[in-house]
Amino acid sequence: MTEQDRPDPRQSGNRYDATDAAERRDDQSGTTREQAAAGAIGAGNPQDVGQSTLAATTESLQHTMGKDRPESGSYTFPAFDSHHPPEKDLIDDCVHCGFCLPTCPTYVLFGEEMDSPRGRIYLMNKGLTEEPMNDTMVRHWDLCLGCMACVTACPSGVQYDKLIEATRAQVERRYDRRADDKAFREMIFQLFPYRSRLRLAAGPLRLYQRFGIDKKLRKAGVMSRLPARMRAMEALMPKLGKEEKIPEHTSPTGERRRRVGVLTGCVQQVFFSQVNSATVRVLAAEGCEVVAPKNQGCCGALSTHAGREEESLNFARKTIDTFERENLDNVVVNAAGCGSTMKEYAYLLRDDPEYAERAKRFSAKVKDVSEFLQEMGTVAERHPLPVAAAYHDACHLAHQQGVRQQPRKALKQIPGMEIKEITEAEVCCGSAGIYNMVEPEPAAELGERKAKNVLKTGAQMIVTSNPGCMLQIQASLKKMGREIPMAHPTEVLDASIRGEPVETLLSGRGLQG
Amino acid sequence: MERGQLIKAMESRLGTEGVVHEREQLRSYECDGLMNYRVIPDLVVLPETAEHVQQIVRICYEEGIPFVARGSGTGLSGGALPVESGVLIVLSRMRKILEVDIPNQRIVVEPGVINIWVSQEVAGEGYYYAPDPASQVVSSIGGNLAENSGGVHCLKYGFTTNHVMGAEVVLADGSLVHIGGGKAPDAPGYELLGALVGSEGTLGIATKITLRLLRKPEAVGTLLAAFSDTEAAGDAVSAIIGGGIVPAAIEMMDALCIEAVETAVHPGFPEAEAILIVELDGPEAEVEDQFQRTIKACEEANASEIRIAEDDAERALFWKGRKAAFAAMGRISNDYYVQDSVVPRTELGAVLKRINQLGEEYGMRVANVFHAGDGNLHPLVLYNNDNPGEAEKAEALAGDIVFTCLEHGGSLTGEHGIGEDKKKYMPKMFTEDDMATMQLLRCAFDPHNLCNPGKIFPTPRLCGERPGPFRMHPVQKAGLAENF
């Protein structure tokens, strides 16, 4: 294909297809030209690439290059089959300049080429023709957090998001994971996308540690990585508060401006139902008729990011079915990972004749709640909340959806509110979907790094838009003995609109780990 | 030593996590920022201390194994290209800032420290590190030292060599030496630091580097001027510098380049055949006066539009466009081949014209982005590697561009280094005797030709060989090597 006849993805209609790295980064809605400029060479501001000289511990390095790699001996050549391999055209966009290296969390930790976006793309290219799919190749793709900071950083517009998703789907299909690895992953996917199961499991996980089951397992010498992974999972689980039920239908305050659907999600509803309640209240206060379909399920984000293609497509289809019926202006999402996947449906279902068009229409309606509120314009009165809050960019909101300024703007509209920026804002906190459970060691190091940077701001609370980030940062802070109240932007807006005292917000509802 | 034994030997010093030896992993190291040349190294090692580096080099020295040092792998001349059956020493895990000494305006860092970290570290104190290659967010100080990196501001502030005060270096035999000064600005004896900086990894591996810090200028003024042809822009450059102004930077981009960066990072540049970005810095009054004269010079050269950066954000926007230029080429072309020749400033117009002609003759696109102030060109020959023969054609065109520059009294490279890529052109610029003199130095540091061998010089003379009538080297006499 020559340059001229390669279709320009920016010319098509769908947002996911329609945008590329630079546009997602420089999203002009709510972003001033100056701020876009500050995104110059890769980061939210030019000073903001991986700054600390902190390197990985030897323990963590053992999981990429050392003895602790989960090897199964699986070998397939060539690495990829013809069903959506990582696209050669997209690989060729990479000119090997290396601008992605300092924003890549694993490169920041390990300092080696194979665990950088540039290196992973290089391996994908080799996998197309010259190299097999084996333990080594898979290890380095597995270690990618999928944070997409590299997509923001890339001046050539390499669509690493599409490349790694395609690669992961191939890995899940063509690579035989070691039995314990496979079982653990299966357990995650039988658990997290299902609210009722997740609710049931949260308790036993605590018991797991209390009764020292992990120690016994280690003593028995079986399932080498399982204990560490289970510990990581347990440490992330917050105490379950009383789950707030979300009404299926909520009328707007005053005149109806929009009719919107709300994704209540799986993790969000089980652990952070108060975020969903707040989201519904804020939307209603801003004049939205809010529909929260009762039979909605998982949006498929976790499965998509892990390469579980069939499963993810089924979740996507079901979600489209559920919301399509409701005749909505928009579908509003308050979890960054879910929102980015739902915007991606059009791309994911591009091969499905029955769903391709519907997915396109659906994806076009999906908005992150901060993005939605800024676009619609706000009317409800904000009461003062005198508090200094650190805003943490969720990767799937900032890098994948290009939503950076909207939540900050929304928070700054609250009188008395001060927003503190976190150093190394571009670097992932280590949560990354299921990453902190399957790769607990590097995730813990990234979590600690993020927690330290958060503490440096001196903020009284942390505001962030993704349940995974909340769990991860809180777990890291807890380990350091420095817990800080956390909230989703909508919870802050809700408190402000309702005129609640700032103390209520800082009492840390729901997140007492 | 067999490969297996070598791996074991390295692992016993560095731990398993410090040695990369699986083929798939090694492949990711087969090229640096220049993808045209690829060699899979035998082994990659990731030292964390100077002692590690010494241990690695000692093994190599004793076993006669060649080695190559690599930083972030962003070099554009293949300087960090591995050698066959050699060891690649990657310094990206040596990234500690060791000492910040603001009163003496110096900082001591390990080689893997990224260029911009240095400025970040001292920004709060009102200082910065001047050399700013476009790759400054990723390229390492060790790599900058090896390549004597420049950057957009080197017109006024000089290259890396003007900012390195001293270095701790592991030589090819594994000994650790200190070159250059410590706290005092100057050291007696030979100026070896000048030889080391820009030696492209052929004289040793720096493990600790002392850099000079500069105070941030009191005032900065940046403007962008658009022109309807490159020659007019060239005239403006001559007028500005001829008028006695030394700008912090003058950069030029042509239409193709503007198109690429507009697609990539949307700096909002005007449509034009050429754009100049001029930056002035220094004391407030001086900047103000020179800024007015610069605007006048651009107007007299018929600039179609002049934009003045109102604040830091707008300045960042101008530079964003410039610094992303190379990387943005991926937007308009699958592959590109970049040259880095320098021509006398007065020849700029003529050379650019000839480059355009050459592009037309070859039927290929050439984008130009360059440091206009010091005549350092960066012609980017655009091609598609998937089309058979196109890469070779691009290389030939790039070669012709180099010859054109040399004909106009220019030089092969301004800041990217000779490396693997441009060594074949060395005889066009230097006589045999010139190169033999350089080899004398190299051989003094690395008599066994182990330290990044095969780079810089086209057909490396064996050490001990002298310029002049042919005399057989002892190694050749013993039948151990051939001259070719």
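**Q** Is there a simple way to think about the overall build of chain A in this case?
**A** A count of helices and strands for chain A gives 28 helices and 11 strands. Intrachain contacts of chain A at a sequence separation of at least 6 include 79% that bridge at least 24 residues.

**Q** Quick question: what am I supposed to make of the overall build of chain B here?
**A** Counting its regular elements, chain B contains 17 helices and 18 strands. Here the C-alpha radius of gyration of chain B, 23 Å, is about what a compact globule of 484 residues would show, namely 23 Å. Over its C-alpha atoms, taken along the principal directions, chain B stretches across nearly 70 × 55 × 45 Å. Restricting the contact set of chain B to residue pairs at least 6 apart, pairs at least 24 apart contribute 71%.

**Q** Is there a simple way to explain the domain arrangement of chain B in this structure?
**A** You'll often see interface size given as the accessible area lost when the parts meet. Residue and element names in this part refer to chain B. Domain parsing of chain B yields domain 1 (3–90), domain 2 (97–215), domain 3 (218–332), domain 4 (334–420) and domain 5 (427–477). Taking the mean C-alpha position of each, domain 3 and domain 4 sit 21 Å from one another. Contacts between the two partners involve 21 residues from domain 3, matched on the other side by 17 residues from domain 4.

**Q** How should I be thinking about the sheet that holds strand β14 (residues 274–282) of chain B in this particular structure?
**A** The strands that make up a sheet pair up through hydrogen bonds in the backbone, lying either parallel or antiparallel. All names here are of chain B. Here seven strands make up an open sheet; going across it, the order is β15-β12-β14-β13-β17-β18-β16 and the pairing antiparallel. Single-partner strands in this sheet number two, and they are β15 (305–308) and β16 (335–338). On average, each strand axis in the sheet is inclined to that of its neighbour by 20°, with strand direction left out of account. With three bridges joining them, strand β13 (residues 249–254) and strand β17 (residues 365–371) adopt antiparallel strand pairing. Bridging from a neighbouring strand, Glu-251 pairs with His-371 of β17.

**Q** For this particular structure, what's the right way to read the environment of Lys367(A)?
**A** Residue and element names in this part refer to chain A. One can find Lys-367 in strand β7 (residues 366–368). Given 25 C-beta atoms within a 10 Å radius, Lys-367 is considered buried. In contact with Lys-367, not counting residues within four places along its chain, are Asn-330, Val-332 and Phe-372.

**Q** I keep staring at unusual backbone geometry and nothing clicks. Help me out?
**A** Backbone geometry follows two general trends: most residues other than glycine have a negative phi, and most peptide bonds adopt the trans configuration. All names here are of chain A. A cis amide bond links Phe-77 to the next residue, Pro-78, at an omega of -10°. For His-84, which is not glycine, the phi torsion reads 45° and is therefore positive. Relative to the helices and strands, His-84 resides in the loop between β1 (75–76) and α5 (88–92). Judged by local crowding, His-84 falls into the partly exposed class, with 16 C-beta atoms found within 10 Å.

**Q** Please explain the pairing of β13(B) as it appears in this structure.
**A** Sheet faces and side chains relate simply in a regular strand, where the side chains alternate between the two faces. Residues and elements named next belong to chain B. When you tally the buried positions in β13, you get six out of six residues, the bulk of the element. Residues Ala-249, Glu-251 and Met-253 line one face of β13 and the alternating positions Ile-250, Met-252 and Asp-254 line the opposite face, and both faces are buried. Where β13 lies against β14, six bridges are found, and the strand directions are antiparallel. Bridging from a neighbouring strand, Glu-251 pairs with Ile-277 of β14.

**Q** Help me understand helix α10 (residues 284–300) of chain B, please; the structure alone is not making it clear to me.
**A** An α-helix turns once every 3.6 residues. As a result, residues three or four positions apart point the same way. Residues and elements named next belong to chain B. Between its first and last C-alpha, α10 extends 24 Å over 17 residues, near the 24 Å set by a 1.5 Å rise per residue. Within α10, the full set of buried residues consists of Val-287, Gln-290, Phe-291, Thr-294, Ala-297 and Cys-298. Seen from one end, α10 has its buried residues packed into an arc of 125°, which puts them on one side. Among the exposed residues of α10, those oriented more than 90 degrees off its buried face are Ala-285, Gln-292, Glu-299 and Glu-300. Tucked inside the fold, the buried residues of α10 contact β12 (219–227), α8 (230–242), β14 and β15. Looking at the residues trailing α10, positive phi occurs at Asn-302, about 65°.

Cut-offs and rules
Residues numbered from 1 in each chain as written. Chains lettered and ligands numbered in written order. Predicted model: local features only at pLDDT ≥ 70, side-chain atom pairs only at ≥ 80, totals over all residues. Helix = DSSP H or I, 4+ residues; strand = E, 2+ residues; numbered from the N terminus. Contact = placed C-beta atoms within 7 Å. Rg over C-alpha atoms; globule rule 2.2 N^0.38 Å. Domains from an automatic or database assignment. Pairing = 2+ DSSP bridges. Axes fitted to C-alpha atoms, helices over the stretch in contact; angles between N-to-C directions. Buried ≥ 20, exposed ≤ 12 C-beta atoms within 10 Å, placed from the backbone. Expected span 1.5 Å × (residues − 1). Arc of directions from axis to C-beta.

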